[in-house]
Amino acid sequence: MCGCTHSTQDQLPHSEGGSNPSTAPTSTLAPRKMPKSISISKQLASIKALQKGSDLEKATATFALTFRNACDPDGKLGKATARSLLHTQFGAFTEGQETKPEYRELLSELEEHTGNKLDFEDFMILLLSITVMSDLLQDVWSVKITK
């Protein structure tokens, strides 16, 4: 178990092909009747080893916490949840990529992924692949780094 704050309940409408409006969650990331989750920044602050951590260490921990907060009890992300995370948490990197063949191929691979779920390694490879092809990365590279 990954200790996720979400249950498989948020996957039911997708896996069973239909949903009951009275039990269907309003969002795959915030199902009804679940306790309010703690913000990522508060979760990061609670990790003593990161209190003096580098920006890179904190960024990596943010990836891990974002994944953990959205995964099912088996430590996997459903495709719908992964797509939702891409749009809600990684939108600046995915914006404008829809017309690029490489991006469409990545999403196609996500759709065809065996087992219909992503583990943390798959999730990180997806994020890094999108980052590398993103127009936003060019903006990042152009940031002035010296005075």
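Before any of the text, the structure's been laid out above.
The shown structure was predicted, so the numbers you read here are calculated from the model rather than taken from an experiment.

Enquirer: What should I look at first to understand the packing of helix α4 (residues 79–89) against helix α6 (residues 101–112) in this one?
Expert: For any two helices packed against each other, one specifies the crossing angle of their axes together with the interaxial distance. Viewed as axis vectors pointing N to C, α4 and α6 meet at an angle of 155°, and their least axial separation amounts to 10 Å. The angle between α4 and α6 falls in the class roughly antiparallel. Both α4 and α6 take part in a crossing whose hand is right-handed. Side by side, α4 and α6 meet where K79, A82, R83 and L86 of the first sit next to L107, L110 and E111 of the second. Its residues assigned to classes, the contact of α4 with α6 shows four nonpolar, no polar and three charged.

Enquirer: Explain the pattern of salt bridges here, please?
Expert: Two side chains bearing opposite charge may form a pair once their charged atoms approach each other closely. Per the stated rule, a full pass over the model turns up four salt bridges. For K79, the salt bridge identified is with E111, shortest N-O distance 3.8 Å. With K79 in helix α4 and E111 in helix α6, the pair connects residues that are 32 residues apart, well separated along the chain. Given a relative accessible area of 38%, E111 falls into the partly exposed group. One salt bridge connects D135 with K100, and the closest N-O pair in it is separated by 2.8 Å. With D135 in helix α8 (residues 135–141) and K100 in the loop between α5 (91–94) and α6, this residue pair connects regions lying 35 residues apart in the sequence.

Enquirer: Hey, could you run me through the side chain of T66 in this one?
Expert: Topologically, T66 is positioned in helix α3 (residues 55–70). According to the relative accessible area criterion, T66 is buried, its value standing at 15%. Polar contacts involving the side chain of T66 include one to the main-chain carbonyl oxygen of T62, which spans 2.8 Å. In this view, T66 contacts I40, L85 and Q89; residues no more than four positions away in its chain are not counted.

Enquirer: How do you make sense of the packing of aromatic side chains when you look at a structure like this?
Expert: Centre distance and the angle of the planes are the two values used to describe a pair of aromatic rings. In this structure the tally under the stated criterion is three aromatic pairs. Geometrically, the ring pair formed by F67 and F120 is edge-to-face, given 5.3 Å between the ring centres and 70° between the ring planes. Separated by 53 residues along the polypeptide, F67 in helix α3 and F120 in helix α7 (residues 120–133) bring together distant segments of the chain. Aromatic pair F67 and F123: ring centres 5.4 Å apart, planes at 45°, arrangement tilted.

Enquirer: What exactly am I supposed to notice about α7 here?
Expert: Within an α-helix, residues lying three or four positions from one another point in the same direction, as the helix has 3.6 residues per turn. Counted at 1.5 Å a residue, the expected span for α7 with its 14 residues is 20 Å, and the 20 Å between its end C-alpha atoms agrees. Along α7, the positions that sit buried rather than exposed are F123, M124, L126, L127, I130, T131 and M133. The backbone nitrogen of E121 lies 3.3 Å from a side-chain oxygen of the residue at the head of α7, namely D119.

Enquirer: Before we go on, may I ask you to explain the nonpolar core in this structure?
Expert: In summary, soluble globular proteins display a tendency toward joint burial of nonpolar side chains. Counting 18 residues, the largest nonpolar core has L77, L86, F123, L127 and I130 as its most contacted members. Those elements that place two or more of their residues in this core are α3, α4, α6 and α7. Considering every element that reaches this core, the biggest residue donor is α7, with six residues. In contact with I130, other than residues within four places in its own chain, are L86, F90, F93, T94, Y103 and L106.

Calculation rules
- Residues numbered from 1 in each chain as written.
- Predicted model: local features only at pLDDT ≥ 70, side-chain atom pairs only at ≥ 80, totals over all residues.
- Heavy atoms only, no water.
- Axes fitted to C-alpha atoms, helices over the stretch in contact; angles between N-to-C directions.
- Helix = DSSP H or I, 4+ residues; strand = E, 2+ residues; numbered from the N terminus.
- Parallel < 35°, antiparallel > 145°, perpendicular 65-115°, else oblique.
- Left-handed = near helix turned anticlockwise from the far one by under 90°.
- Contact = heavy atoms within 4.5 Å.
- Nonpolar A, V, L, I, M, F, W, Y, C, P; charged D, E, K, R; others polar.
- Salt bridge = Lys/Arg side-chain N within 4 Å of Asp/Glu carboxyl O.
- Buried < 20%, exposed > 50% of the residue type's maximum accessible area, 1.4 Å probe, protein only.
- Polar contact = N/O pair within 3.5 Å; in protein donor to acceptor, adjacent residues only side chain to side chain.
- Phe/Tyr/Trp six-rings, centres within 6.5 Å; stacked < 30°, edge-to-face > 60°.
- Expected span 1.5 Å × (residues − 1).
- Core = buried A, V, L, I, M, F, W, Y, C linked by side-chain atoms within 4.5 Å.

Coordinates in, geometry out; function isn't part of it.
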